[in-house]
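# Descriptive analysis of the structure
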Amino acid sequence: MKFETGKRGLLINILSLIVFTLVWQILVILARNDIFNIPFIRLRDIPTPVETWYALVGSMFTRIYGPSFTYGIINHVYASLVRVIEGGIIAFIIGVPVGIGVGYSKFLGNLFNPIIEIIRNMPPMAWIPLSIFIFVSGGSIFIVFIGVVFPIILNTIQGVRSTDTRLIDAAKTLGASESMIVKKVVIPSALPSIMTGLRIGLGVGWMAIVAAEMVIKSPVGLGYFIWNMGDLGRYSEMVAGMIVIGVIGYIMNISILLLQRRFINWVD
Amino acid sequence: MKNLMKILFLIIVAIFVAGCLESKKTPQVSEPINLVKMSGQEMIQRLGTGEIAGFIMWEPYPAIAVTKGYGKNLIFSGKIWTDHPCCVVAYDDDWYKKTNNSDEILKRMALVQLKSVEYINNAKQSDSPDHEQLINYTMQFGGMTDQVAANLSLADVEFVYNTNVTATTTFIQRIQDFGIFDMTKWNMSGYKNSSDYANSLVTNNYVEWAVNNKDENSSKIALKEPVNIRYAYLVNDIHELPFYVGWQKGYYRDLGINIVIAEGAPFQNGAFEMQQGFKGNTVDVGSLGIPPVIIHRINSNDFSNNDTKVGVIAGMNNEGSVIVVANNVTSMKDLQGKTVGFPGQGTIQHVLFLMEADKEGLKVSY
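Values in this document were obtained by computation on a predicted structure and should not be read as measured data.

### Digging into the overall build of chain B
Of regular secondary structure, chain B possesses 18 helices and 13 strands. Compactness check: chain B gives a C-alpha radius of gyration of 22 Å against a globular reference of 21 Å for 366 residues, within 12% of the reference. Principal-axis analysis of the C-alpha atoms gives chain B an extent of 80 × 50 × 35 Å. A buried classification covers 60% of the 366 residues belonging to chain B. Partitioning the contacts of chain B with sequence separation of at least 6, the portion at a separation of at least 24 is 79%. Here chain B has roughly 14,100 Å² of accessible surface; of this, 48% comes from carbon and sulfur atoms. Averaged over its 31 positive side-chain charges, chain B has a centre that lies 6 Å from the centre of its 38 negative ones.

Pasting the structure below:
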């Protein structure tokens with residue numbers, strides 16, 4: 001499949017967003033006026049894009065009403081991003097060496113594969129109840145770690161195993177030691193794959209953090225914000241928070257893709 | 001496309017920097033107390049492990065935490081606001097309109113409330129012959145295994161059946177002051193002010209009827225045709241003990257009302273009861289805190305069909321919430337910069353905590 005690129009592509013992208021927003025607005029308005037309804041869905045209760053926009057602008061920064069100090073979306077985004085980045089860094093530090101070891105050495109592969117295969121099939125959300133009890137703090141970072149580490153490990157393994165054997169053989173012929181082969185041949189060859197793992201992992205981690213913040217206790221974070229706004233029946237703010245999550249996730253993905261293309265350009 | 005990516009990248013950096021600046025800036029305003037939502041069970045556990053510095057919650061959780069030695073009572077809610085209303089009995093307006101004899105049913109619901117409250121208030125005395133039975137009811141409804149905690153939890157709850165329009169007005173005013181209402185929705189509601197809203201929300205007629213008929217024989221005033229009422233309540237909330245007593249002692253049945261526990265009940269908090277139960281038309285009558293009623297009749301209501309419209313017919317209790325703190329905390333000021341558990345936004349405990357913080361000039365983040 002080939003995507004349109006350049007100005008035409010951008011135009012179509014923007015158009016699709018406009019059409020989506022319009023359809024959303026029209027559907028809600030129609031439902032509110034009892035002209036069109038989807039059975040079993042309270043379409044009329046969904047805030048319109050216009051209401052959502054006002055809610056987004058209104059709750060962007062910290063507000064103070066008497067004693068009550070309501071954190072702005074900016075604070076929530078920051079708190080969630082910090083958690084994802086911390087979880088991501090820990091996952092990277094642990095995931096890459098494990099991936100290289102398991103991918104390169106048959107012995108380590110056989111040793112760790114069953115464990116990795118079992119644990120990676122437990123979704124990050126399944127760890128939430130346990131982490132509530134075992135972590136005094138930082139439970140949400142752990143949830144992100146679980147989300148990020150397995151895509152990194154698996155992609156690293158794949159990257160290491162797909163290293164061109166001719167290159168390894170050539171290095172051996174030239175008298176390179178095992179550690180030099182790993183450092184000079186295997187890692188550079190696996191790097192694009194590792195970055196892909198990081199990108200996928202952070203995507204999973206970002207989604208997991210929102211769920212984790214809904215359950216694990218912290219006064220700031222986008223997940224917490226959405227949950228709280230829902231509790232108060234402030235649905236426009238809630239939807240605004242959801243959209244912010246989507247946009248940040250998208251920006252994160254694109255940013256890593258950009259970095260990958262900019263700095264790791266030796267492999268197609 | 002590359003330019004677009006660069007722009008997006010710049011946006012994320014900008015958010016990060018802005019977030020950094022905001023986060024650094026906020027504590028300087030005055031270090032706020034961090035309210036964090038959690039269940040009552042978790043409050044007790046986390047206070048025990050020292051993860052939180054305190055919590056504000058309905059009984060029996062404060063009594064349990066104190067009995068276990070995890071903390072001490074800092075402020076009883078009666079100190080924050082004497083005789084403040086707490087839980088109430090409310091009906092769903094959709095149910096009210098489509099039921100022919102809804103007024104007759106509600107009169108009898110109010111009468112059960114009156115009888116149960118009188119029973120509890122008598123049985124609360126330790127020399128009352130009913131005292132042991134009341135403690136058993138308290139333990140069953142509150143999910144407790146400890147008699148001492150059950151006794152303690154009853155001590156600071158004032159069970160009442162009458163409603164209080166003036167206090168409700170004050171509550172509405174404070175909720176407005178704290179910026180909790182969705183202002184677009186508030187404007188749609190058409191209420192002129194908090195007193196106008198309180199008068200539309202609370203009705204005393206049913207309690208008046210109950211007072212006038214409290215000595216009548218139940219069989220004489222029972223509904224001719226028994227009706228099923230889908231009833232909702234909050235989980236393990238001692239404030240709603242009058243409902244449990246009325247149900248267990250057969251007061252409802254005697255008056256021709258068959259209680260059916262509503263789908264989803266008992267609810268974790270009043271917000272859920274309003275949003276899922278009353279709004280979703282799965283609850284006919286229910287008990288919950290008055291703030292969720294006040295807030296969600298505005299914020300969660302669809303004003304074209306008033307799906308979240310409810311009316312308050314009777315009280316359940318006044319006071320009965322406590323700020324419990326770790327043993328090394330001596331005042332509200334000590335809680336600054338620390339985490340305090342609460343049952344959720346828009347609950348009575350949330351509003352009370354804000355009121356106390358307001359009195360002491362403290363800030364609360366949530």
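### Examining the sheet that holds strand S8 (residues 285-289) of chain B
Hydrogen bonds between backbone atoms are what pair the strands of a sheet, whose relative direction is either parallel or antiparallel. Residue and element names in this part refer to chain B. Read from one edge of the open sheet, 5 strands run S7-S6-S8-S4-S9, paired in mixed fashion. Of all strands in the sheet, those with a lone pairing partner are strand S7 (257-261) and strand S9 (310-315), marking the two edges. Mean inter-strand twist for the sheet, computed between neighbouring axes without regard to direction, equals 35 degrees. Sheet topology note: the strand S4 (residues 87-92)/S8 ladder contains 5 bridges and is antiparallel. Paired with Val89 across the strands is Ser287, a residue of S8. Sitting on the sheet, helix H14 (residues 241-248) is in contact with strand S6 (227-232), S7 and S8, with an inclination near 120 degrees to S7.

### A short note on empty space enclosed by the protein
As enumerated under the stated definition, the model contains 3 cavities of 30 Å³ or more in all. Counted as a void, the largest cavity has a volume near 90 Å³. The wall of the largest cavity is formed by Arg63, Tyr65, Thr70, Met229, Leu232 and Arg234 of chain A together with Phe178, Gly179, Ile180, Gln345 and Tyr366 of chain B. Of the residues in the lining of the largest cavity, the class split is 6 nonpolar, 3 polar and 2 charged.

### Points about the side chain of Thr52 of chain A
The topology assignment puts Thr52 of chain A in helix H2 (residues 49-58). Beyond its immediate stretch of four places on either side in the chain, Thr52 of chain A contacts Trp24, Pro47, Ser236, Val239, Ala240 and Ile243 of chain A.

### Let's talk about the environment of Leu255 of chain B
The topology assignment puts Leu255 of chain B in the loop between helix H15 (251-254) and S7. According to the relative accessible area criterion, Leu255 of chain B is buried, its value standing at 1%.

### Quick notes on the nonpolar core
Residue and element names in this part refer to chain B. Counting residues in each nonpolar core, the largest one holds 125 residues, and the members touching the most others are Met109, Tyr231, Leu241 and Phe353. Considering each element in turn, this core owes the most residues, 11 residues, to helix H6 (residues 102-123). Counting contributing residues per domain, this core is built from domain 1 (32-82 + 322-365) and domain 2 (87-319), each supplying no fewer than three. Apart from the residues within four sequence positions on either side, Met109 is in contact with Ile229, Tyr231, Tyr252, Ile257, Val285 and Ile313.

### Concerning the domain arrangement of chain B
All names here are of chain B. We note that the domain assignment places domain 1 (32-82 + 322-365) and domain 2 (87-319) within chain B. For domain 1 versus domain 2, the distance between C-alpha centres works out to 25 Å. On the side of domain 2, 29 residues touch domain 1, which itself brings 25 residues to the contact. Note on domain 1 versus domain 2: buried area summed over both sides is about 2,200 Å², and carbon and sulfur give 72% of it. Among the residues domain 1 hides against domain 2, the three largest losses belong to Trp58, Glu59 and Trp81. Together they make up 27% of the total. Put simply, domain 1 and domain 2 have 1 salt bridge between them. Here Arg174 makes a salt bridge to Asp358, at a shortest N to O gap of 2.8 Å. Taken together, the links from domain 1 to domain 2 amount to 3 residue pairs in polar contact (both at pLDDT 80 or more).

### Structural notes on the interface of chain A and chain B
Many analyses report the size of an interface as the accessible area lost when the parts associate. Taken together, the contacts link 46 residues of chain A with 58 residues of chain B. For the pairing of chain A and chain B, the buried interface totals around 4,700 Å² over both sides, and the portion due to carbon and sulfur atoms is 63%. Between chain A and chain B we count 3 salt bridges in total. With its nearest N and O atoms 2.3 Å apart, the salt bridge here joins Asp302 of chain B to Arg44 of chain A. If you look at where chain A meets chain B, you find 16 residue pairs in polar contact (both at pLDDT 80 or more). Secondary structure elements with two or more residues in the side of chain A that touches chain B: helix H1 (6-32), strand S1 (63-65), strand S2 (68-70), helix H3 (73-104), helix H5 (128-134), helix H9 (222-231) and helix H10 (235-263) of chain A. Of the residues in the side of chain A that touches chain B, the class split is 28 nonpolar, 10 polar and 8 charged. Pairing geometry for S2 of chain A and strand S13 (residues 364-365) of chain B, over 2 bridges, is parallel. Paired with Ser68 of chain A across the two strands is Val364 of chain B, which belongs to S13 of chain B.

What counts, and where the lines are drawn
Residues numbered from 1 in each chain as written. Chains lettered and ligands numbered in written order. Predicted model: local features only at pLDDT ≥ 70, side-chain atom pairs only at ≥ 80, totals over all residues. Heavy atoms only, no water. Helix = DSSP H or I, 4+ residues; strand = E, 2+ residues; numbered from the N terminus. Rg over C-alpha atoms; globule rule 2.2 N^0.38 Å. Buried < 20%, exposed > 50% of the residue type's maximum accessible area, 1.4 Å probe, protein only. Contact = heavy atoms within 4.5 Å. Areas by Shrake-Rupley, 256 points an atom, 1.4 Å probe, with all protein chains shown as cover. Lys, Arg positive; Asp, Glu negative; His and termini not counted. Charge placed at Lys NZ, Arg CZ, Asp CG, Glu CD. Pairing = 2+ DSSP bridges. Axes fitted to C-alpha atoms, helices over the stretch in contact; angles between N-to-C directions. 1 Å grid on protein atoms, 1.4 Å probe; cavity = no way out; pocket = protein on both sides within 12 Å on 5 of 7 lines; lining within 4 Å. Points joined across faces, edges and corners; volume = space filled by probe spheres on them. Nonpolar A, V, L, I, M, F, W, Y, C, P; charged D, E, K, R; others polar. Core = buried A, V, L, I, M, F, W, Y, C linked by side-chain atoms within 4.5 Å. Domains from an automatic or database assignment. Buried area = accessible area lost by both parts, 1.4 Å probe. Salt bridge = Lys/Arg side-chain N within 4 Å of Asp/Glu carboxyl O. Polar contact = N/O pair within 3.5 Å; in protein donor to acceptor, adjacent residues only side chain to side chain.

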